[in-house]
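Descriptive structure summary
Spelled out from the first residue to the last, the chains are:
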Amino acid sequence: MKCKIQFKSLIIAIIASALALSGCEGDDGAPGVDGTNGDPGLPGSPGVNTGFVPVGVTTFHGTEYLESSGEFALATNPKRYVTATITSATADTGGTVTVNFSVEDGNGDPDATVSSISANIVKLIPAAAPESYNKWVPYIQSAQTVSNSATGDWPNPDGTSNNQGSRESNGTLTNNNDGTYTYVFNTVLGTTTLPVEGTAIAYERNRTHRVSIMMGGHSGSTADANFDFVPDGSAGSGTRNIVTTEACKGCHSTEFHGHGGDRLTVENCVTCHNPSTTDPHGGETVDFKVMIHKIHAGGELASIPGADGIVWDDPATGTDESADNGEYAIWGYREIKHEWWKVEFPAVIENCTKCHQETGGATLTDVDNWKTVPSRAACGSCHDDVDFATGTNHGGGTYPAPGPINDDTFCVTCHEADTDSGFAPSIVDAHDWTTKDQRHIAEFDVDLTVSAPANGMYFVAGESPVVRVVLTDVNDPTNPGDDILVTHDTITTEVGGAEGCLPTACPARDNAFGASGLYVHGPRARRVPVLTTNARVEVISPSAGPFDLSAITEDLIVTFDNGKDLYSAASGLSSIGSATVSVDLTACNPAYIASLAAATANEIMACLNADTDFAARGIAYIDETTSRLAIRSRNLADFYAVQLTASDANTAIFNNTTLNVMGGFTVSATLAGSDPKITRTPGYIEYALDPVDDLQAGTYMVGVEIADRGRVTTSDYKTPSVKKAYFQVKQAEEEKAIANNCDSCHQGPEGTGFVLDFYRHNKIFDHTAVDQCGQCHDYQSASASGDAGTSDGWNGSRPINRRVHAIHYGSSLNYPLLTVNYGNDDPVAGRNWDITFPQDVRNCEVCHSATDTSGTWKTNAGRSPCSGCHDSNAATAHLKLMTYDPTPSDPWSGDEEESCKVCH
């Protein structure tokens, strides 16, 4: 038999063709789908015996996939994460170390399959001048030596050798076959030496010791475990627990880069990465506190930009701005060079508590060391242009006289923890970027609220939410700041203080509110602008009437939403809302229109709204501003538009055949404008939203971006004030976000963190940042004619799903600027969005968390989100091929039908 396809609509043909290409059962295929109107169909493709196998999104994406592929899918002894716990550790007087531990699999059952481990042991030396901090010293160390200078560009000569913390795997492992094990170190404490100097490493039984075991990595049961103890049972030599592994996992997930995958915790990392370990090739220490600070600071290190202060080479200039850059590099394992000058720390580099915090229920004895135990090593790791040995670039010098700093104890004498009673700014104050950095000080504090619905839970048809905005001047909290009372003069900038603008002084307030946008959008599942006058898609009559309809012979024909018909899943392909409707206005006489020769705007409005087909897709009303007759779409399809067909009825009333769409770069209401829905009082501004009748059920967002002094240039501005609020429509349950968790990488525990575009829109990357960013980066194109200057035809702000994917995958994109929608204009000249996600980008649950997001990333494959990462020529061709578009010149005009879900 032959596959035979009959269809009613072109999209059915596309979907059926996709299925036919994938194969129909039987020798020659199976019968196809019969069209409801009996029209003959196109011949189908021959069947393929292998059948159709869909490739779901989770086939190659998500945590489950990542942990079931590659090393996790080895035929023999595949890698698997387990939980290892050290139950006890001892070191006898002779230096023999014994460790008892247990291993459980992912189900919590005993794992008796571990056949080998590696292990390390370190001791904690208490702080002693000239150092201010406790430090780990490994008993097991090896020497790394520069052996062949012809193979690399490191600065040190052949033969340079340094000590490095190491580990052993030749001890005795006893498997008790019940998930418990005993490991006896081969290394005997008190017998090891520093390999380069040959100096003995003393066995000090009264010191705090840490044992660390590691297993797996590339195969088998994979884990590490750590245990602190004092061999002689005394109080020990203190603690050094500064950063939790959970803090690192916020950005890096389960594994850190490098080292074979069996080093999984900070507690384990520091057993090698301590002051005892140095890279011989470049002479850089790989002490954890120094190395981690430098890696995460990246291009923000003081030494990187060079004399011109520019990190990236701007291709638009004839000069290589990066030629004078400094370098932070470690050659490390197998003499391979690693450098991190392209790193973009996802929070603010001064935000020390982004990492120095107690997370995951952990208690850190030394979590405040960053502010209470300053040192030349820790502070100099970021402030790496300071030469403490000479005092260069260190403003205070040695107390009480300028000169070299050769002892950490001087640091806390001047830089106290969190008070300013010292001779220099306190450490906390010096890093308080929220008050020291003018970019983070918005002009107003904003109180944003939405009126309560009648039932106290959610708004229903007939109700109109009211938004209230109360502004308070941050420099004068007693002065309410609306566009009536704001009369402040220029205020004086205090260097390093909390007041003022960049770079010198604020311009005087002019009460014009250069930015005062109110954004209302939703639902979360597919956010679009709603309920403000600018969110209406309408056509308005050129006059208030009356209108002479006595001579018309044609219907008023209206096409809504760019011609997209609506269908009901319950009714198959039966249309429940035709996009094009015809209304015979003469038939409304005399029921609605008393006299066709002098039809009023209200009469025509009543006639149109009484038409069932018209009312299913549109609303006729009297415009509040002009008192003229208006028609607007109910905005029920994917693209919102209204267009009248040429007819004598149209000429008599509207005389408009333009395709009317949402206007503006982004859709918002201007609170300082003349919108009739605004009410101003001395204490607040209110905006009465449109009725929620046509909205889908779900969670809706309100956002404001307000500035009076505003922006002169990108370096002379007052940061706008932003705030968001929520309300429910037609359901009490809050709709789950599609994505969240931005604060996992971008914020610290106090709710402060990375802010994007300080001068323009002050986007704060908190847990619900998508709700704020999405108010502009929504899914409604601003123009049906597209935008030939971009790859996807969107106008205005680009959809957030593609933009965010592309930015986070920037360094691996084929066309980063094009895919991110910046053309040739990266805001950081020369960077080309060279940003690397700090873990496998396919770990989608990092942003689409399984617990509190919708999970639709698994089920709603589409051009926009997928093209954010998949931007190769082949991927782009595939996306176009799988999309039926009757108007290919407008690739996002709302009439497209995607077949992505057929296979994915």
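Relevant structure appears above.
Overview of the structure. (Residues numbered from 1 in each chain as written. Predicted model: local features only at pLDDT ≥ 70, side-chain atom pairs only at ≥ 80, totals over all residues. Heavy atoms only, no water.)

Let's talk about the side chain of Gln357
Note that Gln357 resides in the loop between strand S15 (338-339) and helix H6 (369-372). Separated by 3.3 Å, the side chain of Gln357 and the backbone oxygen of Thr353 make a polar contact. Within the structure, the side chain of Gln357 is placed 2.6 Å from the backbone oxygen of Lys354, a separation counted as a polar contact. Not counting residues within four places of it along the chain, the set of residues in contact with Gln357 comprises Thr244, Leu364, Val367 and Pro749. (Helix = DSSP H or I, 4+ residues; strand = E, 2+ residues; numbered from the N terminus. Polar contact = N/O pair within 3.5 Å; in protein donor to acceptor, adjacent residues only side chain to side chain. Contact = heavy atoms within 4.5 Å.)

Structural notes on the sheet that holds strand S21 (residues 538-540)
Strand order in the open sheet formed by three strands is S21-S27-S26, and the pairing between neighbours is antiparallel. In this open sheet, the two edge strands, each paired with only one partner strand, are S21 and strand S26 (618-622). The average undirected angle you get between the axes of adjacent strands in this sheet is 20°. Two strands pair when backbone bridges link them, and S21 and strand S27 (residues 629-633) are joined in this way by three bridges, in the antiparallel orientation. Considered in S27, the bridge of Val539 is made with Ile631. Lying over the sheet, helix H11 (residues 601-610) contacts S26 and S27, oriented at roughly 165° with respect to S26. (Pairing = 2+ DSSP bridges. Axes fitted to C-alpha atoms, helices over the stretch in contact; angles between N-to-C directions.)

Some remarks on the pattern of salt bridges
In total, this model carries 30 salt bridges according to the counting rule given. Salt-bridge contacts for Lys677 lead to Asp690; the nearest nitrogen and oxygen are separated by 3.1 Å. Highlighted residues: Lys677 in the loop between strand S30 (669-670) and strand S31 (678-680) and Asp690 in the loop between strand S32 (685-688) and strand S33 (698-707), separated in sequence by 13 residues. What makes Lys677 buried here is its relative accessible area of 12%. Relative accessible area serves as the criterion here: at 4%, Asp690 is assigned to the buried category. (Salt bridge = Lys/Arg side-chain N within 4 Å of Asp/Glu carboxyl O. Buried < 20%, exposed > 50% of the residue type's maximum accessible area, 1.4 Å probe, protein only.)

Concerning a negative patch on the surface
Negative charge collects at one region of the surface, where Asp308, Asp313, Asp320 and Asp324 lie side by side. Here Asp320 is to be found in the loop between helix H5 (288-297) and strand S14 (329-330). Look at Asp320 and you get partly exposed, because its relative accessible area is 39%. (Patch = residues over 30% accessible without salt bridge, like charges linked within 9 Å, V, L, I, M, F, W, Y side chains within 5 Å. Areas by Shrake-Rupley, 256 points an atom, 1.4 Å probe, with all protein chains shown as cover. Lys, Arg positive; Asp, Glu negative; His and termini not counted. Charge placed at Lys NZ, Arg CZ, Asp CG, Glu CD.)

Some remarks on unusual backbone geometry
Residues Gly545 and Pro546 are joined by a peptide bond in cis, for which omega reads 5°. You can see Pro546 is positioned in the loop between S21 and strand S22 (556-560). Residues Asn589 and Pro590 are joined by a peptide bond in cis, for which omega reads 10°. Inspection of the secondary structure puts Pro590 in the loop between strand S25 (580-583) and H11. The backbone phi angle of Ser253 is positive, close to 60°, even though this residue is not glycine. Relative to the elements of secondary structure, Ser253 occurs in the loop between helix H3 (245-252) and helix H4 (266-269). Despite not being glycine, Asn562 shows a phi value in the positive range, around 60°. Summarising the element assignment, Asn562 is placed in the loop between S22 and strand S23 (566-567). Since its relative accessible area comes to 21%, Asn562 is described here as partly exposed.

A short note on the state of the cysteines
As used in these notes, a disulfide is a covalent bond between sulfur atoms, one from each of two cysteines. If you walk through the whole model with that rule in mind, you get one disulfide. A sulfur-sulfur distance of 1.7 Å marks the disulfide that ties Cys588 to Cys607. Its S-S torsion of approximately 70° makes the covalent link between Cys588 and Cys607 right-handed. Of this pair, Cys588 sits in the loop between S25 and H11 while Cys607 is found in helix H11, placing the two residues 19 residues apart along the sequence. Under the relative-accessibility criterion, Cys588 is labelled buried at 8%. Lacking any disulfide linkage, Cys847 is separated from the closest cysteine sulfur, that of Cys742, by 6.5 Å. Take Cys847: its relative accessible area is 29%, and that puts it in the partly exposed class. (Disulfide = S-S within 2.5 Å.)

As for the sheet that holds strand S3 (residues 80-81)
Hydrogen bonds along the backbone pair up the strands of a sheet, which may run parallel or antiparallel. Pairing within the open sheet is mixed, and its five strands lie in the order S3-S13-S12-S6-S7. Each having just a single partner strand, S3 and strand S7 (135-138) make up the two edges of the open sheet. Relative to strand S12 (residues 209-215), strand S6 (residues 118-125) runs antiparallel, the two sharing six bridges. Within the sheet, the bridge partner assigned to Val122 lies in S12 and is Arg210.

Structural notes on helix H16 (residues 800-808)
Turning to H16, its buried residues are Ile800, Asn801, Arg802, Arg803, Ala806 and Ile807. The elements touched by buried residues of H16 are helix H15 (769-773), helix H17 (816-819) and helix H18 (863-866).

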